[in-house]
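If you want the building blocks of each chain, they are given just below.
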Amino acid sequence: MTKSTSSYIIKGEKHDWEVVCGLEVHCQIKSESKLFSNAPANFGSAPNSNVEFLDAGMPGMLPVINEECVRQAVRTALSLNAQVNNVSEFSRKNYFYADLSLGYQISQADKPIMGPGVVVLDMPDGTTRNIGLERMHMEIDAGKSMHDQHPDSSFIDFNRAGVGLMEIVSDPDIRTPEEAGAFLRKLRAIVRYVGSCDGNMDEGSMRCDANVSVRPVGSTELRTRCEIKNVNSVRYVMQAIEIEALRHVELYEAGRGDEIIQSSRLFDPNKGETRSMRSKENAHDYRYFPEPDLLPLVVSDELIAELKAKLPELPDAKKERFIQEFKLSPYDSAVLIDDRNTAEYYEIVAKIADPKLSANWITTNLFALLKEENKTIANSPISASNLGKLIKLITDDVISGKIAKQVFEIMATDDKDPEKIVEEKGLKQITDTSAIEKIIDELIESSPENVQAFKEGKTKVVGWFVGQVMKQTQGKANPGVVNKILKDKLS
Amino acid sequence: MDQVRNSLKKGEFSAVELAKSYIQAMEKNRDLNAFITETSEIALKQAEESDKRIKAGNAGLMEGMPIAIKDLFCTKGVRTTASSKILENFIPEYESTVTSNLFSQGAVMLGKVACDEFAMGSTTLTSFFGTVKSPWKDQKGEYTVPGGSSGGSSTAVSGFMAIGATGTDTGGSIRQPASFTGLVGAKPTYGRCSRWGTIAFASSLDQAGPMTRTVRDSAIMLEAMAGYDQKDSTSANRDVPCFENAIGKSVKGMRIGIPKEYRVDGLNEEISKEWDRIAQILKDAGAELVDISLATTKYAGPVYYIIAPAEASANLSRYDGVRFGFRADGPFDNLDDMYLKTRSQGFGDEVQRRILMGTYVLSSGFYDAYFTKAQKVRRLIAEDFKQAFEKVDAILTPSSPSSAYTIGKEPKDPLEMYLSDIFTIPASMAGLPAMNVPTNLDSNGLPLGMQLISKHFDENTMFSLASVIEEAVDFQLNPNGLKE
């Protein structure tokens, strides 16, 4: 079997197979308190310290909707180009597990808050692709079970129980692992821009289940799919989809397609395989019925309009604007808008210095620095305005690119105005031709063998001359000027 | 209560003295087994505080009134069991809104009284804490059931062990026990009383209400219990009128509906005659009797026994032995094993029966045929009443097809037992306020009562009519099963 990476086709011996994938993404709603109780909805508190009586499923307790969560969900729906339903209903999804204190999850079944929408993917080659969203609904999160803390007891932490979730369900439009990755990254960018979710897969504030099936290329049928649950990084989602699709193809090609049962599976990144979960998880009748403790949720057109008007500039719009305003490539633009803080940083820099150079410096030099120091752009050691000034010094011919890198290093430890640093360290570029000419004349005199080499056609020896000039000027000579004078004098 | 109120105000006796006399009555009639948990110390402390407030002129609506609390209301720091083994030792850390309201109006808590387990039943015989005997004995001198599910409440009040008691009514659990024991029992409009902190049976039906010896007491106590609660999303955001003002008001010109469908085949002759007698009383008082038809009446029972168990099956899922309450003895093979053993041992037969029924009607393949259908019919039942109330201001029916069963001779077939609710269920399905007024004794010497149903949030009308009936019938509450 071989895979063509351009359009993800799995070539089997009998058929060519394409992947059909839909993603269900659970995003924890960023809010002060939980969806139906007053307990704090933050992450990282001591176990069972953020638990109200309702979250613990105590007798007689009742849910009351948190309006802030509803606003977050509506804002998210609007930024997904989706229809917001004026009237939606909550339902009880019934099953028993130790971390589900009520014995049912309050969710939304037939009448979710958000209808169909679209996510636009930024592909690595600069193109875009639309992935349809079927719906989004609100529901509560369960607590966390820990089975490995004690030989014969399981521990349950209910801090997470009751936290609001937005479950975003895509259509089965995804065809390649790359698309899945791009989908998750775009979704993460959107919810972070809107401020409705932290989007941290490693912390669990964003979780992804992948539904995977395959079919022969050209077919439009939907074959049996398997759900790979709770994969906690974008990279693992991509790997899991690849591995699961291959598993299906192998079975179909061997005539054992009936062994593919609609079921839930776990991805093991260490072994590079998916495994079936305990079978009792698979045969669930959730007995959904309308939640009798809550009234239908009504969201007025006025509220929708009000929230829409106050949305920040969203990733896709910002990407377009960067392309138009700063003349960036779609790829560069996509990289810069992925994080709202990066985009804002970039705009400050690009207003001072050349936009293209600014993009380069940020995505290469600055990102490398941040990674090294384990910082984010929000607490970047170098401020945007200073970086902008630095880049302008290059285009103004005050310093060379090479010197600029030195100044950059200095700024990383002491975020001063680069002009001051250049001044203090005497790093100004030497453009004075007479000084350079003098040095070159001396070099020509003192190394006639190199001059001879050049005349014999070994033009690479120019590099030696340039190196010597740089050495003698502590790197401050303007390379362009040096090269010009050398060419004049050596020819 | 109005007499007690006056006496307390005048200083004829103190709240502490009053509480002490009721505590004595409670102790004397322990054999009736109404109380699961007695809270005499708390009662005396509360009574002391009441005396202070009365002296300062700050008396609340229920100041100093010693009441019993159905063990379905969570009382902070005081054991709350729902009459179930699975909550045998459960002590809530929160106070239900209804009891909180009563205490802030000065009520004094004598104790928690028994009920059918998780409010499921019509006799209180399913209580884990043993048989509750009504203070009324039949002609043969045998004890009768106090009705259900609020049987501990009805025993306490008709046995003069409390001046009033809280009950809850889902399909008739206040009205029927009131009828069996000769009390006034009122179920207000759905949403009048907050359900926060009240152990849930069927969320869309449950309502708290007072059980008292007079109509005026019922009005006073309901006003104290009711009120909007933002912690309950189904709570009605409506002002609570002073219901006491409705007592003694003229009912001249009121139109009283007599629904023909309640005259069922084989209806007890005495009850049928009593119904006519009370209708005549209202006519004599100036009301107009109107024959009406509530064609959906016969569907109310089946619909109730689909919807209520369905909601209950989910409401009772939280009783799983994980976080509180009873957990069976281990070791366990796995989590499911723990659940099975805990819930099989912790729940009684009737509760298990209803959980199974509820799970069944919600399960895939049956949901549409049962649950969806039942909800549709429920809307029709509500519509039936709505149309009737365009022609009438209130409806008069019997409360129960029989008087109290002798203990040991109650219907053994659960389905037959379910028929005891046929008169009370329809009003519950429509969320309408309804109450029982005791009117007479039957040939067995046991109480009979009539039911009044009025429009949404129009409890005033039913209190006015009840007050007229009460005055005319002059029912004597003198049960023969009490210790001297």
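Residues numbered from 1 in each chain as written. Chains lettered and ligands numbered in written order. Predicted model: local features only at pLDDT ≥ 70, side-chain atom pairs only at ≥ 80, totals over all residues. Heavy atoms only, no water.

Q: I keep staring at the packing of aromatic side chains and nothing clicks. Help me out?
A: Any aromatic ring pair is given by two values, namely how distant the centres are and how the planes are angled relative to each other. Counted under the stated rule, the structure contains 30 aromatic pairs over all chains. Between Phe289 of chain A and Phe371 of chain B, the ring centres sit 5.7 Å apart and the planes meet at 65 degrees, which makes this aromatic pair edge-to-face. Here the residue Phe289 of chain A occupies a position in strand 16 (residues 289-290), and Phe371 of chain B occupies one in helix 12 (residues 368-388), the pair thus bridging two chains. A single burial state applies to Phe289 of chain A and to Phe371 of chain B, both of which are buried. Summarising the aromatic geometry, the rings of Phe90 of chain B and Phe324 of chain B are spaced 5.4 Å apart at their centres and angled 45 degrees between planes, so their arrangement reads as tilted. Within this pair, whereas Phe90 of chain B is found in the loop between strand 2 (66-70) and helix 4 (97-104), its partner Phe324 of chain B is found in the loop between helix 9 (297-315) and helix 10 (335-346), the two being separated by 234 residues in sequence. For the residue pair Phe90 of chain B and Phe324 of chain B, the accessibility class agrees, reading buried in each case. In this structure, Lys93 of chain A packs its charged tip against the face of Tyr286 of chain A, placed 4.4 Å from the ring centre. (Phe/Tyr/Trp six-rings, centres within 6.5 Å; stacked < 30°, edge-to-face > 60°. Helix = DSSP H or I, 4+ residues; strand = E, 2+ residues; numbered from the N terminus. Buried < 20%, exposed > 50% of the residue type's maximum accessible area, 1.4 Å probe, protein only. Lys NZ or Arg CZ within 6 Å of the ring centre and 35° of its normal.)

Q: Looking at this model, I keep getting lost on the pairing of strand 7 (residues 255-259) of chain B. Mind explaining?
A: For a regular strand, the rule is simple: side chains alternate between the two faces of the sheet. Residues and elements named next belong to chain B. For strand 7, the buried fraction is high: 4 of the 5 residues fall into the buried class. Pairing of strand 7 with strand 8 (residues 288-292) involves 5 bridges; the strand directions are parallel. Residue pairing across strands places Gly257 opposite Val290, the latter belonging to strand 8. Since strand 7 and strand 8 lie parallel, the crossover through helix 8 (residues 269-284) that links them has a hand, and here it is right-handed. Relative to strand 9 (residues 394-398), strand 7 is paired through 2 bridges, and the arrangement is parallel. Bridge pairing links Gly257 to Ile395 in strand 9. (Pairing = 2+ DSSP bridges. Right-handed = clockwise from strand over helix to strand, strands pointing away.)

Q: Would you take a moment to explain helix 1 (residues 67-79) of chain A for this structure?
A: Given 3.6 residues per turn, any residue in an α-helix points the same way as the ones three and four places further on. All names here are of chain A. With 13 residues, helix 1 should cover 18 Å at 1.5 Å per step; its first-to-last C-alpha distance of 18 Å lies within 8% of that length. Counting buried residues in helix 1 gives 10 out of 13 residues, a clear majority hidden from the surface. Those residues of helix 1 that fall on the buried side of the exposure criterion are Cys69, Val70, Gln72, Ala73, Val74, Arg75, Thr76, Ala77, Leu78 and Ser79. In the core, the buried residues of helix 1 are packed alongside strand 8 (128-140), strand 11 (164-170), helix 2 (177-194), strand 17 (297-298) and helix 4 (301-309). Two or three places before Glu68, at the opening of helix 1, Asn66 has a side-chain oxygen 2.9 Å from that residue's backbone nitrogen. (Expected span 1.5 Å × (residues − 1). Contact = heavy atoms within 4.5 Å. Polar contact = N/O pair within 3.5 Å; in protein donor to acceptor, adjacent residues only side chain to side chain.)

Q: Please explain the domain arrangement of chain A as it appears in this structure.
A: You'll often see interface size given as the accessible area lost when the parts meet. Residues and elements named next belong to chain A. By the assigned domains, chain A splits into domain 1 (2-306), domain 2 (313-425) and domain 3 (433-490). On a C-alpha basis, the centres of domain 1 and domain 2 stand 36 Å from each other. Listed by partner, the interface residues are 12 residues for domain 1 and 14 residues for domain 2. Between domain 1 and domain 2 lies a buried interface of about 1,100 Å² when both sides are counted; carbon and sulfur atoms form 56% of it. Seen at the junction of domain 1 and domain 2, the total is 2 salt bridges. One salt bridge in this structure joins Lys319 and Asp122, with 2.7 Å as the shortest N-O distance. Joining domain 1 to domain 2, the criterion identifies 4 residue pairs in polar contact (both at pLDDT 80 or more). (Domains from an automatic or database assignment. Buried area = accessible area lost by both parts, 1.4 Å probe. Salt bridge = Lys/Arg side-chain N within 4 Å of Asp/Glu carboxyl O.)

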